[in-house]
Amino acid sequence: MFDSLVDKMNAAFKKFRSKGKLTEADVREGMREIKLALLEADVNFKVVRDFIKRVTERAVGADVLESLMPGQQIIKIVNEELTETMGGTQSKLTIASKPPTVVMMTGLQGAGKTTHAAKLAGLYKKQGKRPLLVACDVYRPAAVKQLQVVGAQLDIPVFAIEGERDAVKIAREGVEHAIKVFIDTAGRLHIDENMMHELEEIKAAVNPTEILLVVDAMLGQDAVNVAQSFNDLLDITGVILTKLDGDTRGGAALSVRYVTGKPIKFVGTGEKLDTIEPFYPDRMASRILGMGDMLSLIEKAQQSYDQKKAAELEEKIRRSRFTLNDYLEQFGQIKNMGSMEQILGMLPGAGAKMKDIKVDEKAIGRTEAIIRSMTPKEREKPDIINASRKRRIAAGSGMR
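Residues numbered from 1 in each chain as written. Predicted model: local features only at pLDDT ≥ 70, side-chain atom pairs only at ≥ 80, totals over all residues. Heavy atoms only, no water.

Draft legend 1. A look at the overall build of the chain. When you go through the chain residue by residue, the secondary structure sums to 20 helices and 8 strands. Evaluated residue by residue, the chain yields a buried proportion of 47% over its 400 residues. Within the chain, residue pairs in contact and separated by at least 24 positions form 73% of the contacts whose partners lie at least 6 positions apart. Working note: accessible area of the chain is about 20,400 Å², and carbon and sulfur atoms make up 52% of it. (Helix = DSSP H or I, 4+ residues; strand = E, 2+ residues; numbered from the N terminus. Buried < 20%, exposed > 50% of the residue type's maximum accessible area, 1.4 Å probe, protein only. Contact = heavy atoms within 4.5 Å. Areas by Shrake-Rupley, 256 points an atom, 1.4 Å probe, with all protein chains shown as cover.)

Set out below in C-alpha cells:
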C-alpha cells in the first residue's frame, strides 16, 4: 500500500540527505515536493496545507539548518507530524464498565461492514471475550445469511429474527441477552435520509458503547466526505479503514482523523477473517516513510508461531534433526502471517528496494505439494529418494 506516496517521499528526502548543509530555500523546495506527493495521494487539501505549514515552521529553525545532519532531522520532523496527523497514539476499543459492550457498525454498502463486524468479533474472541453478532441489515438480500456464514466460520453466535423488518427491534432484543455485541447495520450505495434516520433510532434504542464507521480506503477523498457526514449525524467514536491491502493512495488514512477528530481504531488488510489489525499512527507513519514496521511484524510472528513448537524446532536444529516435516510446518506458520509481499513491506527499507520484485506465492504451494507427495520415511530421510521415487513424487505433486 501507499507505494507511490512512499516513492515520492523518499525522492524528496534523498535531496535533503544529499546536502551537507541546508538553506531555508532548500527546505521550502523539498516541502513543495512533499506537498505534491500528499495531494496526489488524495489527502485532503486542508490537511496537506496545515501539515506542510507545521513541518516547514519546525524545519527552518536554527536547530535543523545548523545541525550536522539536517536531512535526518527533517525526516524525524515529518515522521512526528505524520504520526500526530493520524492521531498520535493508538485508540483502543472502549469496553463498557457494565456489560454488555455494544459496538454499532455503520457505513456505506460495499465498505465491508458485515465482514468487519465478524473480524472484530473474532479478534475479541481470541482475547477471551464472548461476542455476539446482531444482524440488523434487513434490506440487502442475503445480508443476514452472510453474517451467519462468517459467524459460523469463527464459531460466534449470530442473533437474527427471521422475517422481522424492524432493525431497531432486532438491535434492542439482541442487546438484551448479550455480553459484547457487534451490530451490523444496513448500508446504502450513498447516504440517504431514511438510512440515517434508522441509524439514529438504533443508536437511541441500544445506547452503543462505540459507533464505528467502516470506510473503504479505496475511496480516497470521498472516504473523508463519507466520514464527515456520518460523524455530523451520529457522532461516531472511531473508524475502521478497509482494503488497505489494495491499490490505495493513502489519502483516507492521512485525512480521516484530522477532518473528523475521531480516531482510526482498526484497519482491514485482506479478505480472510483474521486480517484486521489495531491502527497505530506511529507505525503507519513509518511505513509511509519507507522505514518499515518491525513492531507489527514481530506481533504477527508472535501470533502465528507456537512458542512450544519454536522451542522444539530450536532443539531439533541444535541436534541436526530438522526434517522436511519441520520445513513443511514452517511454511504453514509463515503463511499465517500473511503474504510474502506484506511481510517484506514491513522490513525497513525493503519497500523501496524490493517494490519491483514480484514474489511468486504459488512457489511455496508447489514446494508444499512436493513434500506432501513424499512418504513419511522420505520426509525423514530425503537422501533415500532415488530416480524412481523422484518420478513418483513429481507425478503426485503435479510437477511432472
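Draft legend 2. Representation of the packing of aromatic side chains in the model. Tallied over the entire structure, the rule returns 1 aromatic pair. With 6.5 Å between their ring centres and 40 degrees between their planes, Y124 and F182 make a pair best called tilted. In this pair, Y124 is assigned in helix α6 (residues 113-126) and F182 in strand β4 (residues 180-184), connecting sequence segments 58 residues apart. Across this residue pair, the class does not change: Y124 and F182 are buried. One Lys or Arg, R283, reaches over the ring of Y280 and ends 3.7 Å from the middle of that ring. (Phe/Tyr/Trp six-rings, centres within 6.5 Å; stacked < 30°, edge-to-face > 60°. Lys NZ or Arg CZ within 6 Å of the ring centre and 35° of its normal.)

Draft legend 3. Highlighting the confidence of the model for the chain. For the chain, the mean per-residue pLDDT works out to 80, and 81% of the residues sit at or above 70. Element-level mean pLDDT values for the chain span from 53 in helix α17 (residues 350-353) up to 90 in helix α7 (residues 143-153). (pLDDT = per-residue confidence, 0-100.)

Draft legend 4. Highlighting the nonpolar core. I34, L38, V78 and F230 are the most contacted members of the largest nonpolar core, which has 71 residues in total. Setting aside chain neighbours within four positions, we find L38 in contact with L5, M9, V43, V48, F51, I52 and L254. Within the second largest apolar cluster, 22 residues are counted, among which are M105, A118, V150 and L212. (Core = buried A, V, L, I, M, F, W, Y, C linked by side-chain atoms within 4.5 Å.)

Draft legend 5. View of the pairing of strand β5 (residues 210-216). Burial runs high along β5: 7 of the 7 residues are buried. What you see with β5 is no split at all: E210, L212, V214 and D216 on one side and I211, L213 and V215 on the other are buried throughout. Alignment of strand β1 (residues 101-106) against β5, held across 4 bridges, turns out to be parallel. Bridge pairing links M105 to L212 in β5. In this structure, β5 lies alongside strand β6 (residues 238-242), joined through 5 bridges in parallel fashion. Note that in β6 the partner of V214 across the bridge is I240. (Pairing = 2+ DSSP bridges.)

Draft legend 6. Spatial organisation of helix α5 (residues 70-85). In a regular helix each residue adds 1.5 Å, so 16 residues correspond to 22 Å; α5 covers 22 Å between its end C-alpha atoms and thus fits that length. Those residues of α5 not exposed but buried are P70, G71, I74, I75, I77, V78, N79, E81, L82, T83 and T85. Positive backbone phi, at 125 degrees, marks G87, one or two positions downstream of α5. (Expected span 1.5 Å × (residues − 1).)

Draft legend 7. Here's a closer look at the sheet that holds strand β3 (residues 158-159). The mixed open sheet is built from 8 strands, whose spatial order is β3-β2-β4-β1-β5-β6-β7-β8. Looking at the sheet topology across the chains shown, the edges are occupied by β3 and β8 (276-278). Bridge count for β1 against β4 is 5 bridges, and the pairing is parallel. The residue bridging V102 from the neighbouring strand is V181, located in β4.

Draft legend 8. Structural detail: a nonpolar patch on the surface. Where nonpolar side chains cluster on the molecular surface, the patch consists of L36, L39 and F45 and spans about 300 Å² of accessible area. When you line up the elements, F45 lands in helix α3 (residues 45-59). Overall, F45 belongs to the exposed group, its relative accessible area being 52%. (Patch = residues over 30% accessible without salt bridge, like charges linked within 9 Å, V, L, I, M, F, W, Y side chains within 5 Å. Salt bridge = Lys/Arg side-chain N within 4 Å of Asp/Glu carboxyl O.)

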